[in-house]
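Here are the chains, one letter per residue:
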Amino acid sequence: MQLRYRFRLYPTAGQQQALARAFGCARVVFNDGLRARQEAHAAGLPYIKDTDLQKQVVTAAKRTEERAWLGEVSSVVLVQALADLHTGYRNFFASVTGKRKGPKVAPPRFQSRKDNRQAIRLTRNGFTLRPNGRLYVAKVGEIPVRWSRSLPSDPSSVTVVKDAAGRYFASFVVQTDPSEVLPEVTPEVGIDLGLTHFAVLSDGRKVSSPKFLRRAERKLRMAQQDLSRKAKGSSNRKKAVARVARLHARVADARRDHHHKLSTAIIRDNQAVYVEDLAVKGLARTRLAKSVHDSGWAQFTAMLEYKAARYGRVFGKVDRWLPSSQTCHVCMVVDGPKPLNVRTWTCGACRTTHDRDVNAARIVLAAGRAERQNACGGTVSPSA
Ligand SMILES: [Zn+2]
């Protein structure tokens, strides 16, 4: 199992320049590769093979006058930028042919220097961790790192990122250690991700976003409104843009922190964790609710999934649509649709009164257990 570890980087002014050059070269190679494939496609020619594309837009390009500056950055950076393009294409093809589940994947798009996130990826031959605690990146130098925790083992690759707020991060990919598996416990839990609470658990716990996160989100909304009132091209607008980017980064940090704490606690206390597949759940929601919540939920469920793998727990996604807010978890009778303002309801069949969200979480738990038993050759089905 592979995990990601992220740390803040503090490159010097010179290193920032070298990184800017590397970001730029990676983007140019990615875009050149994308253009070559698009032109081949438009001309009715076959898909350019990965190795041929690399010869064309890296090896041969370096020898031309207009792309000679590609030689100023590590070739690992250029090769990995192309590898990202190949992955983008493969995901797109798998999505088109139905081999990949979940939402449709768009074909790769051209990258812009104005993109919020700039990144380069390096494999083992492009970086080293120095004994002085610095991260050596080829043709950039030894970059100071703030080690907020330790790496469990040698990383196999690193992505160096500059975000919209101008901060630098290193994201290491590390193989996990089997000795981290936790002793077995009995509880299992289903989770309903909702709008009124961030998460409701089948054991009855309701988790809201922490106050500091809600406050940061409110500040961000106000800053965005403020920005929309500034005249285009004015220096006040520039300042407002920077402020929005800063607040965005703060909200993202606070949210990630909250997700980490909650997912760690849930994985520690439960042997199995079940959630609804967001792609399926999303069909039932409005566009606005989706845009606000989906990225947060996706991040949270991804954490549950990798922590489950790391600590030896079961993680299950219930990937068929469940009428979880209409089905009674006691007798499994579908009781009919309930408008969102109905927070408690009484089952018409067995007369049990339910809290809407806790009942939904228990349905997710039942469905998750059933799917797992079916997968193991069992015969139980909750909606028989
Ligand atoms: Zn019932």
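For clarity, every value in this text was computed on a predicted model and none was experimentally measured.

(A) Summary view of the sheet that holds strand β13 (residues 314-318). As summarised here, the arrangement of the five strands in space is β11-β10-β9-β12-β13, forming an open sheet in which the pairing is mixed. This sheet does not close on itself; its edge strands, each paired only once, are β11 (206-207) and β13. Two strands pair when backbone bridges link them, and strand β12 (residues 272-276) and β13 are joined in this way by five bridges, in the parallel orientation. The residue bridging Val-275 from the neighbouring strand is Lys-317, located in β13.

(B) Main features of the UniProt feature "domain: Transposase putative helix-turn-helix" (unreviewed entry) in the protein chain. UniProt feature "domain: Transposase putative helix-turn-helix" (unreviewed entry): in the numbering of this structure it lies at residues 1-44. Measuring from the first to the last C-alpha atom of residues 1-44 gives 41 Å, for a span that is 68% helix and 18% strand.

(C) Representation of the packing of helix α1 (residues 13-42) against helix α2 (residues 50-62) within the structure. Contact geometry of α1 with α2 gives a least axis separation of 10 Å together with a crossing angle of 120°. Judged by the inter-axis angle, α1 sits oblique to α2. For the pair α1 and α2, the crossing hand works out as right-handed. Along the contact surface, α1 presents Val-29, Asp-32, Gly-33, Ala-36 and Arg-37, while α2 presents Asp-50, Leu-53, Gln-56, Val-57 and Val-58. A per-class count over the contact of α1 with α2 returns five nonpolar, two polar and three charged.

(D) Here's a closer look at the domain arrangement of the protein chain. When the domains of the protein chain are assigned, the result is domain 1 (2-176) and domain 2 (188-208 + 266-375). Computed over C-alpha atoms, the centres of domain 1 and domain 2 are 37 Å apart. Of the roughly 380 Å² buried between domain 1 and domain 2 on both sides combined, carbon and sulfur atoms contribute 57%. Scanning the region where domain 1 abuts domain 2 turns up zero salt bridges. For the side of domain 1 that touches domain 2, the residue count by class is three nonpolar, two polar and one charged.

Cut-offs and rules
- Residues numbered from 1 in each chain as written.
- Predicted model: local features only at pLDDT ≥ 70, side-chain atom pairs only at ≥ 80, totals over all residues.
- Heavy atoms only, no water.
- Pairing = 2+ DSSP bridges.
- Helix = DSSP H or I, 4+ residues; strand = E, 2+ residues; numbered from the N terminus.
- UniProt positions renumbered as here; feature names shortened; annotations may be inferred.
- Axes fitted to C-alpha atoms, helices over the stretch in contact; angles between N-to-C directions.
- Parallel < 35°, antiparallel > 145°, perpendicular 65-115°, else oblique.
- Left-handed = near helix turned anticlockwise from the far one by under 90°.
- Contact = heavy atoms within 4.5 Å.
- Nonpolar A, V, L, I, M, F, W, Y, C, P; charged D, E, K, R; others polar.
- Domains from an automatic or database assignment.
- Buried area = accessible area lost by both parts, 1.4 Å probe.
- Salt bridge = Lys/Arg side-chain N within 4 Å of Asp/Glu carboxyl O.

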